[in-house]
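Read off the chains here:
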Amino acid sequence: MRFSFLLFFLAFGCLTTLTAQTDSLDIPVYDYSDPQEYEIGGIKIEGAYFAEENAIIGVTGLSVGQDIRIPGPDIPRAIKNLWRLRLFTNVSIEEEKTIGDVIFLIVRVEERPRFLRHSFTGAKQGRHDDLNEEVNKYIVRGGIVTEDAKVNAAEAIRGYYVEKGYLDATVSVEEIPDTSRANSVRLLFDIKRNDRVKISEINIIGNDAVKERKLQKQMKETNEKRKLFKSSKFQPELYEEDKDAMIAYYNTLGYRDARVLSDSVYRDDNDRLVIDIRINEGNQYYFRDITWKGNSIYDDETLARVLGVERGDVYNEEELQTRLSFSQDNADVSSLYMDNGYLFFNVDPIEVAIDGDSIDLEMRIFEGPQATIDKVVINGNDRTHEHVIRRELFTRPGQKFSRSDIIRSQRQIIGLGYFNQETLGIETPVNPDRGTVDIIYTVEEKPSDQLELSAGWGGRRGVIGTLGVTFNNFSLRNLFNREAWHPLPQGDGQRLSLRAQTNGKFYQSYNASLTEPWLGGKRPTSLSVSAFYNKYDFGTESLPRKLIIQQAAVSLGTRLRWPDDNFVFRTGINLQTLTLNNWGELFTTDRNEQVTTGNYNNFSFQFSLSRNTATDPIYPKQGSNIELSLQATPPYRKLGIRDNPNLLEEVEERFRYVEYHKWRLNAEWYTPLSSDQKLVLKTQAKIGYLGSYDDAVGVSPFERFQLGGDGVNNQQFAFAGVDIISLRGYEIEDLPNNFITTPTGGSRKIATPIFSKYTVELRYPLSLNPSSTIFVLAFAQGGNAWRTARDFNPFDLKRSVGLGARVFLPMFGTLGFDWGYGFDKNPDLTENGNLSTFNIILGFEPE
C-alpha cells in the first residue's frame, strides 16, 4: 500500500497538516501530540521551469540526511521560506515514500509566469520607442510578472502621456498566456489617450507689484488657450520650471524673497484647466552702501563709476554680476583691470549687512600682478600669410595685456572673412615667474584643424590648464619649400600636435607629436614621432620635492587585411627617464617600499591590436572600438644583464632599469536603440594589469594605475608614470585599495597594478550640429583596483549610477558634467555622509 503525505503551513505557523491517502482508504488523522522523527532520504522538485532546483532546495533549508519531526516546525518553515521569494503562486511539500524512518519528499511549486513580450493598442507607431522605455523600467524580458510590475508599467505609460498634456489618458494592461514558451505571458497595454486638456485660465494671486499679464509672459511653456501661436497644454515638469522662471523675474526686480505659497490645478465647467497660483512677493530690496576692499590700482570712486550701481537702486544680483564681469560691451570692473594687464584679477561681492529693505555690499578684490605680452603667435592659417593676420592685431609684444585689445583683434580677424568664426581660438598661456603672457591666435580655414583648451582641478596641484593645437592636414615634404608655407605647409594629411599644460611654477608639461598616416605614400602604414617633458616641483630650496620625466617615442602602425581591414597593428619604442628628488607621491613597490629619490630608466616596446568601426568620433551611433595593448621592457635580470644579487638590496638600484609587462584592454560598443539612431546605448570595459618577470625584482612602482575621481589628471601627460582612471561617483579617497598603512600607523596614497572598470551609458543628442554637438546621458558604472593578482575579483566592484551632459565645441573640445551616486561608499568617511559626486569636464573626456 502506498501512502502520500501532504504537508502545508497555515496562518502564523499555528497549524501543520500531514495527510495520507490511498486509493481505497480514508484520510487518516495524526496525533499532533506524538510527532515522529524521520531522516530525509531525498528531495525532488516538481513544477520548476525557470528556477534552479538546487536553489529551491537551498532556500527550503532542508537537506538530505537531515533529521526532522512530522508534524513539526521544519516543513512549515521550508514552505514559508519559499513563499518569501514571491516566485510562486502555489507551494506544497509532499511525501513521496517512506522506508522505515527514512522519508522522501517532493517539493511542488507553481511558478509565476515570466514576461516574454508586450504590445500596445491605441498608441501611434512613432511613440512605441518611447513607450518601450517606460515599460522596460519595470518589466524586463524573462522577468517575473507581478501585479505591482504591471501597475507600475501602466502608470509609467500614463505618466508619459500626462507629460504630453493628455491628463485624461487611461492605460489598462491585460496578461495573455504566450504559447510560444512554457509558463510565459505577453502583456497588452490598451491606451486611451483621450483629448489633450487645454488651459482655460491662469490666475495669479498676491501680485501687487507686477501685473498678472507680465508674470504670465514669464511662463513660456504654460499658456492659456487664447494665446496665438502657442500651445495650451499642461505639462507638470515644465509647469514647475515656469513657476521658477516667474520667481526669477521677481528677483530681478529686487524681490529676492518672492516665492510661490501654493498653487492648485482644477477643471472648470467646460472640462478645461484652471490654474491658481498664490504668491508672496516679500519686500523689495535696494542697494545701500557698497565698499571696496583690496583695491590699490583704482580708487573707490573709479570703481563705483564703472560699476554703475547707485545707492537706492533696486537690488538685482543678475545685473550686479554683469557689471562686475560679464558685460558684453566690456564696460565692467573686470575689463577695467584686464585692459591694464591684470590678467589674474578677481572680485567677489559679499553681503555684509541687511537692514530692513537695504543691503550693504563689500567688494573683495584680488588684483594680482600685471602681465606683459611676451609672444604673439599665430597658428592654423594654412592658406593666409601670417602678416595679413598680424597687421590686424591690436596685441603686440611688450604691451600690457588687455582683454579689450584681444576682443578687438578677434573681431578684426573675423572681419577678414577668411576663417571659421565658430572655431577661432585665442589662448593666453602665462609664465608667472616672468610676469608675461603669450597670446596665441588659432585660426581655422578647414574644419580639420583643432584647438584644445581645458582646465581642471588637480588637488594640491591646483588648477591645471591645458592648451593644444592640432593641424590635421600638414605637409612634411614641403617643409623646406618656402612657397608652401601658409604659414605651414599643408595638404598631405599629416597630423601635427602641440600641447602644453601648466598651473604655474609647480607643474609644467610640454609635448609635440607628428604622424604620417601614409609612410611612403603607397600603403596605410603610419609613422608617429612624439616627445614630451614634464616637470613637477612644489618643494623649497631647503626641502626640494621634484619629479622630472622626459620621453621620446616612435611607433609604426599598419592596417591589416586579415581578418578584415578594420584591424590596425601598431608597434613602437619608448625611451623615458624619471628623476626623483625627495618625491613622496604614489610610487610604491609591491613590498610597500616607497620610491622617493633616484634616476630611473624606462625603455619599453609597445604593441597594440585594435579594431575600430565606430561611425563618428564625437557621437558614435553604432559600431565598436576594441584595443588590446602590451607595453613591455626587456627582462634584464632574466637576460643576465642585471643579475648581480647586490642590485636587489636597494630600491634605487633594483629599479634603475625598470622592467615590467603592462597589459591594457579597452572595449567600447555602441548600439542604436531607436529607429532614428539617436538614442544610443554605450557599453564599455577597461582592464589593466601590470606584471613582473622576476619575483626577486617585483612589480615596478612606475606605470601603475590609480582609479577614482574625475580623471582630470589623465590628460595623457598630466602625470606620467601613473595612469589615472576615472570612476564616476567615487573620489580616489573612497577606494580603500588606493591606500596602504605606513609603519607609523598613518596611510599613504598608492597606485595599483590591477584595475577593471565597466560602464553602461544611455545617450541622447540634443544637437548634432558639427559646430556644437550636445547630448545628455545616464550611466551605471562599476570598477575597482587591486594590489595583487591574488586579490583580483571581477565581481568585487564599486558601483555607481548618475546623469551627465556633454557639449563639443571645435574651439574648446568637450565640455560637460557628471553627477554620480556611489552605492558602495562608506558614509562615515564622506563629508556629511554625502554619497554622490559632481564633476566638471573641460576640454577632454576622462578615461
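You'll find the structure just up there.
Residues numbered from 1 in each chain as written. Predicted model: local features only at pLDDT ≥ 70, side-chain atom pairs only at ≥ 80, totals over all residues. Heavy atoms only, no water.

1. Some thoughts on the sheet that holds strand β10 (residues 199–205)
Spatially, the 3 strands line up as an open sheet ordered β10-β12-β11, and their pairing is mixed. For this open sheet the edge positions go to β10 and β11 (259–267), each flanked by a neighbour on one side alone. Between one strand and the next, the sheet's axes are offset by a mean angle of 15°, whatever the strand orientation. As paired strands, β11 and strand β12 (residues 273–280) are joined by 8 bridges and run antiparallel to one another. Looking at the pairing, V265 lines up with I275 of β12. Contacting β10, β11 and β12, helix α6 (residues 236–252) crosses the sheet at an angle of about 35° to β12. (Pairing = 2+ DSSP bridges. Helix = DSSP H or I, 4+ residues; strand = E, 2+ residues; numbered from the N terminus. Axes fitted to C-alpha atoms, helices over the stretch in contact; angles between N-to-C directions. Contact = heavy atoms within 4.5 Å.)

2. Observations regarding a negative patch on the surface
Together, D129, D130, E133 and D676 make up a negatively charged patch on the protein surface. Along the chain, E133 turns up in helix α3 (residues 128–136). (Patch = residues over 30% accessible without salt bridge, like charges linked within 9 Å, V, L, I, M, F, W, Y side chains within 5 Å. Areas by Shrake-Rupley, 256 points an atom, 1.4 Å probe, with all protein chains shown as cover. Salt bridge = Lys/Arg side-chain N within 4 Å of Asp/Glu carboxyl O. Lys, Arg positive; Asp, Glu negative; His and termini not counted. Charge placed at Lys NZ, Arg CZ, Asp CG, Glu CD.)

3. Thoughts on the packing of aromatic side chains
The tally for this structure, following the rule as stated, stands at 19 aromatic pairs. Three or more aromatic residues link up through ring pairs in this structure, and these residues are Y298, Y337, Y342 and F345. Directly above the aromatic system of F104 lies the positively charged group of K97, at a separation of 4.9 Å from the ring centroid. Stacked on the ring of F779, the Lys or Arg R728 has its end atom at 4.0 Å from the ring centre. (Phe/Tyr/Trp six-rings, centres within 6.5 Å; stacked < 30°, edge-to-face > 60°. Lys NZ or Arg CZ within 6 Å of the ring centre and 35° of its normal.)

4. Some remarks on the pattern of salt bridges
By the definition in use, this model includes 35 salt bridges. The closest approach of N and O atoms between R77 and D74, which form a salt bridge, is 3.4 Å. With R77 and D74 both in helix α2 (residues 74–84) and 3 residues apart, the pair spans about one turn of that helix. The class for R77 is partly exposed, based on a relative accessible area of 45%. Given the relative accessible area of 15%, D74 is considered buried. For E761, the salt bridge goes to R728, with nearest N and O atoms at 2.9 Å. One end of the pair, E761, is in strand β35 (residues 754–769); the other, R728, is in the loop between β32 (722–725) and β33 (739–741), and 33 residues separate them in sequence. Relative accessible area serves as the criterion here: at 3%, E761 is assigned to the buried category. By sharing partners, the salt bridges in this structure join R728, E761, R763, R806 and D818 into a single network. (Buried < 20%, exposed > 50% of the residue type's maximum accessible area, 1.4 Å probe, protein only.)

5. Some thoughts on α2
Here α2 has its buried residues at D74, I75, P76, A78, I79, N81 and L82. After α2 finishes, the residue R86 shows a positive phi value of roughly 60°.

6. Section: the environment of G709
Along the polypeptide, G709 turns up in the loop between β31 (704–707) and β32. Of the residues examined, G709 reaches a relative accessible area of 5% and is grouped as buried. Separated by 15 residues in the primary sequence, G709 and I724 place their C-alpha atoms 8.7 Å from one another. Contact partners of G709, with chain neighbours within four places excluded, come to S726, L727, R728, Y730, E731 and I732.

7. Notes on the nonpolar core
L547, L580, F587, V595, Y600, F702 and L707 are the most contacted members of the largest nonpolar core, which has 33 residues in total. Among the secondary structure elements, those contributing two or more residues to this core are β24 (525–537), β25 (546–559), β26 (567–581), β31 and β32. The dominant element in this core, judged by the number of residues it contributes, is β32, at 3 residues. (Core = buried A, V, L, I, M, F, W, Y, C linked by side-chain atoms within 4.5 Å.)

8. Observations regarding the sheet that holds strand β7 (residues 114–121)
Pairing in this open sheet of 3 strands is mixed, and the strands run β7-β9-β8 from one edge to the other. Taken across any chain shown, the strands that pair with only one partner, and hence form the sheet edges, are β7 and β8 (170–178). When the angles between neighbouring strand axes are averaged without regard to direction, this sheet yields 25°. The pairing of β8 with strand β9 (residues 184–192) spans 9 bridges and is classified as antiparallel. The partner of D178 across the bridge, within β9, is S184.

9. Remarks on a nonpolar patch on the surface
On the surface, V529, V554, F569, I573, L575, F605, F607 and L609 cluster together to form a nonpolar patch covering roughly 610 Å² of accessible area. Looking at the nonpolar patch, the elements that each hand over two or more residues are β26 and β27 (598–612). Looking at the element boundaries, I573 is found in strand β26. The partly exposed category is assigned to I573, whose relative accessible area is 33%.

10. Topic: the environment of D208
Along the polypeptide, D208 turns up in the loop between β10 and α5 (212–218). For D208 and N280, which are 72 residues apart along the polypeptide, the C-alpha to C-alpha distance reads 9.5 Å.

11. Some words on the packing of helix α1 (residues 53–60) against α2
Packing of α1 against α2 brings their axes to within 8 Å, and their N-to-C directions diverge by 125°. Between α1 and α2, the interaxial angle falls into the category oblique. Counting all contacts with α1, which are made through I56, V59 and T60, the residues of α2 involved are A78, N81 and L82. Of the residues belonging to the contact of α1 with α2, the class tally is 4 nonpolar, 2 polar and no charged. (Parallel < 35°, antiparallel > 145°, perpendicular 65-115°, else oblique. Nonpolar A, V, L, I, M, F, W, Y, C, P; charged D, E, K, R; others polar.)

12. Thoughts on a positive patch on the surface
On the surface, R213, K214, K217 and K220 cluster together into a patch of positive charge. Structurally, the position occupied by K220 is in the loop between α5 and α6.

13. Re the side chain of T633
Along the chain, the position of T633 falls in the loop between β28 (623–632) and α12 (651–654). A residue is classified by how much of its surface remains accessible, and T633, at 3% relative accessible area, is buried. A distance of 2.8 Å separates a polar atom in the side chain of T633 from the backbone nitrogen of Y660. Those residues within four positions of T633 in sequence are excluded, and the remaining contacts are N602, F603, S604, V658, E659, Y660 and Y693. (Polar contact = N/O pair within 3.5 Å; in protein donor to acceptor, adjacent residues only side chain to side chain.)

14. Comments concerning unusual backbone geometry
Comment: phi is negative for the bulk of residues other than glycine, and the bulk of peptide bonds are trans. Between I70 and the following residue, P71, the backbone shows a cis peptide bond with an omega angle of -10°. By the secondary structure assignment, P71 is in the loop between β4 (67–70) and α2. Phi is positive for N582, close to 60°, though the residue is something other than glycine. Here N582 lies in the loop between β26 and β27.

15. With respect to the side chain of D818
Summarising the element assignment, D818 is placed in strand β38 (residues 813–822). A distance of 2.7 Å separates polar atoms of two side chains, one belonging to D818 and the other to R806. Not counting residues up to four positions away in its chain, the partners in contact with D818 are R728, L777, F779, L803, G804, R806, T837, F838, N839 and I841.

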